[in-house]
Structures are given as C-alpha cells and as structure tokens.
Amino acid sequence: MDMQNIFNGVYKNTRVLVTGHTGFKGSWLTAWLLSLGAEVAGYSLEEPISEPNNFEVLNLKKRIKHYIGDVRDLKTLSAAIQEFKPEIIFHLAAQALVRPSYVDPVATFEINAVGTLNVLESARLLPNLKALVMITSDKCYRNDEWVFGYRETDHLGGNDPYSASKACAEIIIHSYIKSFFSKSPKAVSVRAGNVIGGGDWGVDRIVPDCAKSYAANTPVNIRSPWATRPWQHVLEPLSGYLWTGAKLLLNDEYPIAVNGEAFNFGPPSDVNQNVASVVESLSTFWTGFESRMNKEDIAGKKECTLLKLCCDKSLAHLNWKACLEFKETIAFTAEWYKTYYAKDGKTQDMYEYTLKQIKNYTQKAQERGIFWASLKK
C-alpha cells in the first residue's frame, strides 16, 4: 500500500501546521501526516506534558519543523505561522483535562478560548492558507444528561471550566467563519470524545495507569469499574480530521458543502463499555497483569453519566464512520504498549511500529469499504 495516495493523495508535499503536536493526539496526527508525504511543522510548549512523552518516543522533533511557543502569545504564534506558510492548519493545542481546569480556570479559558482566537486571527492574516480544521471536544455540549447522542446543533455549554472553555472556543470559531472565512480559507470545527491508544501517558487516565502498572509488574487499582465510556482508538477521530481537511483542500462539496460546518467523530454505540471490560480486555494481551477492582459492591454499579455523540452528520456529509470494533481498539492499544516496553522505548523502532499500526488501520478501513481509505489518487 502506498500511504501517500490515501485521502486522494492530497497531503503529499502539502505544508501542514499542527498546534499541540507534542500531545497524545497531536503526535499521532503528526506521524500520520508524515506517512502521507506531508511537510509538517508543529507549534507547542517546550515542556513535555507527560513522562514518557509520545512526541519524544517517536523522535518527531527531528522529522518536522518544530516551533516552541504558547498559543496565548499571539505575536510568537503569528510569527511561526507567517514563517512556515502552511496550506492547512490542524489546531489541537489545549488544556485538555477537567480536573486541572478547577485548579487553574483562568489558564484553561486563556489556552482554550483565547488560544483558539489567536490561531484564527493568525490565519486571517495569512494569504496563502487554504484550510483550517479546528479541534475542540465532545464536552463543548451542554450535558443535559440524556441517553441519546449529542448532535452538532445541540446547545453548547458546560458547568466545569474545561467544558465551558471549549464551548467558548466553538463560539469564537463560528464567529470567525461567518465574519472572515466564508470563502477562504475554508474552515470547520470537529469534535470527538474519549480516545485511547499507545503512547498516552496522561495523568489520571485508565489505560495509561494500566500500562504503567503492567510495566512495573504491580496491580493497578480501579476505583470505578462500572463507569461507562465510548472508547475509540485515537486513529478513528484522526481519520475524520484528515478526511475533513482533505475535502476542504480538494474543494469537494459532494454531496453537501463541508466549509463552515461542525462535525462529530465517535464510535458506534456498541463500543460503549465499562472500565472493568477495558481492564480485563487489556489483561489478555499482557501476561501477569493484575487489577484490583471491587465488582461485587452493588452500590458501585451505578454508571457515570455518559456523554456520547451522534455522528449521523459525518456519515451523511463526509461518508465517514468508525472502523474498529471494541476488541480491535483494545488490541491496537495493548500491542503498542507491549512493543514499547519490550523494546525499552527505542525511538526508531517505535516510530516504525507506529507507522505500521497506521498502515494496518488504513488497510482494515479499505477492507471494510470506509470511503476515505478507498479513495486513491
């Protein structure tokens, strides 16, 4: 398979800027873009957001143009964008956790709302920019605690500072699209929920906690085994982001215009599983891995409120749908960590293994008739 022909070959030799490229999703997106033949630059803070850090594990700094800066710094951000002159920007840089948003709400609003504003303003002043894909979060929706998925037209909002900051970002994006980007550059906002995959070492996240315990050969303590989430592999929403960006670059308005729209990317409802199922599924790939879960306490079986997305619009407008079954999502994730610890985190090996997983995922999408994977130049 020639990966550079995927997405109709639109990313080959295309100049792409990724903000937040040192994060979990950003590092996977950067690796995928490199496999597509793109010329990639990244803009992010200097400090790694976790230890280990997937950006460093994959040795991406030596493979791209690496800009260090804060999205709250409009002058530095604009200078980097003006120097690189991207044709498309993927904006992922964010304060991405709910709990820290309670500790420092001001920084959360500044990074997520003002940072988004600064990216849009920098883009407004760049004459050769063709497209923007602005990534926010499923938590931009006001959680009314209903059982069906949230649609792109549902109310924005949030009780916690993180969710509210993402709703603010969406309002800012909408304003710039209507005020400045009606024709060029083309722009969309995209929203996804809970993602897992190899290379995530985020704090207070179930899969990284399990991976660390597996590596240390110690049991992991699970507090809420019955909490349910719509688990999806990180490559699932990234395929949606890349396909949306490709349609903008191709000026493809069939069957419906994409420019100026918002899109959800999430798994089918049967991928909603509780934490206990995730931990037990991971353990089948990791010999000797143990967990401590209280699964007998009836009082603990009340599931946490599930915020899930309706992805009908992505199917209708983009012909996009998720590819992997739950067991495949777990397999991709578990095998990545297993390989990492077996190879002691050697960067070249893990970069090649990551590209191998991206190719494997693409092949599965082709075999299952997923449109973006079947469309070749």
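Reading the values: rules and limits
Residues numbered from 1 in each chain as written. Predicted model: local features only at pLDDT ≥ 70, side-chain atom pairs only at ≥ 80, totals over all residues. Heavy atoms only, no water. UniProt positions renumbered as here; feature names shortened; annotations may be inferred. Helix = DSSP H or I, 4+ residues; strand = E, 2+ residues; numbered from the N terminus. Salt bridge = Lys/Arg side-chain N within 4 Å of Asp/Glu carboxyl O. Buried < 20%, exposed > 50% of the residue type's maximum accessible area, 1.4 Å probe, protein only. Phe/Tyr/Trp six-rings, centres within 6.5 Å; stacked < 30°, edge-to-face > 60°. Pairing = 2+ DSSP bridges. Axes fitted to C-alpha atoms, helices over the stretch in contact; angles between N-to-C directions. Contact = heavy atoms within 4.5 Å. Expected span 1.5 Å × (residues − 1). Arc of directions from axis to C-beta. Core = buried A, V, L, I, M, F, W, Y, C linked by side-chain atoms within 4.5 Å. Lys, Arg positive; Asp, Glu negative; His and termini not counted. Polar contact = N/O pair within 3.5 Å; in protein donor to acceptor, adjacent residues only side chain to side chain. Parallel < 35°, antiparallel > 145°, perpendicular 65-115°, else oblique. Nonpolar A, V, L, I, M, F, W, Y, C, P; charged D, E, K, R; others polar.

Peer 1: Talk me through the UniProt feature "domain: NAD(P)-binding" (unreviewed entry) in the protein; I want residue IDs and the actual numbers.
Peer 2: Listed under "domain: NAD(P)-binding" (unreviewed entry) in the UniProt record, and renumbered for this structure, are residues 17-240. For residues 17-240, helix accounts for 40% and strand for 17%, while the C-alpha atoms at its two ends are 17 Å apart.

Peer 1: Break down the pattern of salt bridges for me, with residues and values.
Peer 2: For the structure shown, the criterion picks out 15 salt bridges. Where Lys 364 meets Glu 328, a salt bridge forms, and the shortest distance between an N and an O atom there is 3.6 Å. Placement of the pair is Lys 364 in helix H12 (residues 347-367) and Glu 328 in helix H11 (residues 326-342), with a sequence separation of 36 residues. The same class applies to Lys 364 and to Glu 328, which are both buried. Three or more residues are tied together by salt bridges with common partners; here these are Asp 70, Arg 72 and Glu 110.

Peer 1: Any details on the packing of aromatic side chains? Residues and values, ideally.
Peer 2: Going through the model one piece at a time under the given rule, you end up with 25 aromatic pairs. When the ring of Trp 336 is compared with that of Tyr 337, the centres are 5.7 Å apart and the planes differ by 80°; the resulting orientation is edge-to-face. Taking relative accessible area as the criterion, Trp 336 reaches 0% and is therefore assigned buried. On the accessibility criterion, Tyr 337 (0% relative accessible area) is buried. Taken together, the aromatic side chains of Trp 201, Tyr 214, Trp 286, Phe 289, Trp 336, Tyr 337, Tyr 340 and Tyr 341 make up a single cluster linked through ring pairs.

Peer 1: Run through the sheet that holds strand E11 (residues 262-265), naming residues and quoting values.
Peer 2: Read from one edge to the other, the open sheet built from 7 strands follows the order E3-E2-E1-E4-E5-E6-E11, with strand pairing classed as parallel. Whereas interior strands pair on both sides, the edge strands pair on one side only; in this sheet they are strand E3 (65-68) and E11. Here the average twist between neighbouring strands, direction ignored, is 20°. Docked against the sheet, helix H1 (residues 24-35) engages strand E1 (15-19), strand E2 (39-44), strand E4 (88-91), strand E5 (131-135) and strand E6 (186-192), running at close to 170° with respect to E1. On the sheet, helix H8 (residues 235-249) packs against E4, E5, E6 and E11 and is oriented at approximately 170° with respect to E6.

Peer 1: Just give me the short version of H8, but keep the residues and values in it.
Peer 2: With 15 residues, H8 extends 21 Å from end C-alpha to end C-alpha; this agrees with the ideal 21 Å at 1.5 Å per step. Most of H8 sits out of view: 15 of its 15 residues are buried. After H8 finishes, the residue Asn 251 shows a positive phi value of roughly 55°.

Peer 1: Could you give an account of helix H3 (residues 74-84), naming the residues involved and the relevant values?
Peer 2: Turning to H3, its buried residues number three or more, namely Leu 77, Ser 78, Ala 80, Ile 81 and Phe 84. All buried residues of H3 lie within an arc of 160° about the axis, which places them on one face of the element. Immediately beyond the C-terminal end of H3, within one or two residues, lies Lys 85, with a positive phi of roughly 55°.

Peer 1: Could you give an account of the nonpolar core, naming the residues involved and the relevant values?
Peer 2: Counting residues in each nonpolar core, the largest one holds 85 residues, and the members touching the most others are Phe 7, Tyr 11, Trp 32, Phe 90, Trp 336 and Trp 372. A total of 8 residues in this core trace back to one element, the largest contributor, which is H8. Not counting residues up to four positions away in its chain, the partners in contact with Trp 372 are Ile 6, Phe 7, Trp 32, Ser 239, Trp 243, Trp 320, Tyr 361, Thr 362 and Ala 365. Core analysis: the next-biggest nonpolar cluster, separate from the first, contains 26 residues, Leu 77, Ile 111, Leu 126 and Met 134 among them.

Peer 1: Outline the side chain of Asp 138, supporting the account with residue identities and numerical values.
Peer 2: Examined against the element boundaries, Asp 138 turns out to sit in the loop between E5 and helix H6 (161-179). One buried charged residue, Asp 138, remains without a salt bridge, the closest side chain of opposite sign being Lys 139 at 4.0 Å. A distance of 3.2 Å separates a polar atom in the side chain of Asp 138 from a polar atom in the side chain of Ser 137. Ignoring anything within four residues of it in the chain, the contact list for Asp 138 reads Arg 191, Ala 192, Gly 193, Asn 194, Leu 307 and Leu 309.

Peer 1: Lay out the packing of H8 against H12 in plain terms, naming residues and giving numbers.
Peer 2: The geometry of H8 relative to H12 is characterised by a closest axis approach of 11 Å and an angle of 75° between their N-to-C directions. By the angle between their axes, H8 is roughly perpendicular relative to H12. Contacts between H8 and H12 involve Leu 235, Glu 236 and Ser 239 from the former and Gln 357, Ile 358 and Tyr 361 from the latter. Tallied by class, residues from the contact of H8 with H12 come to 3 nonpolar, 2 polar and 1 charged.

Peer 1: Let's hear about the pairing of E11: which residues, and what values?
Peer 2: Along E11, one buried face is formed by Ala 262 and Asn 264 and the opposite face, lined by Phe 263 and Phe 265, is buried too. Of the pairings in the sheet, the one linking E6 to E11 comprises 4 bridges and is parallel in character. Among the inter-strand pairings, Ser 189 is bridged to a residue of E11, identified as Ala 262.

Peer 1: Before we move on, could you go through the side chain of Glu 236 and cite the residues and values that matter?
Peer 2: The residue Glu 236 is located in helix H8 in this model. Here the side chain of Glu 236 touches Leu 324 through a polar contact of 2.8 Å, landing on its backbone nitrogen. The contacts of Glu 236, once residues within four sequence positions are left out, are Trp 320, Ala 322, Cys 323, Leu 324 and Tyr 361.

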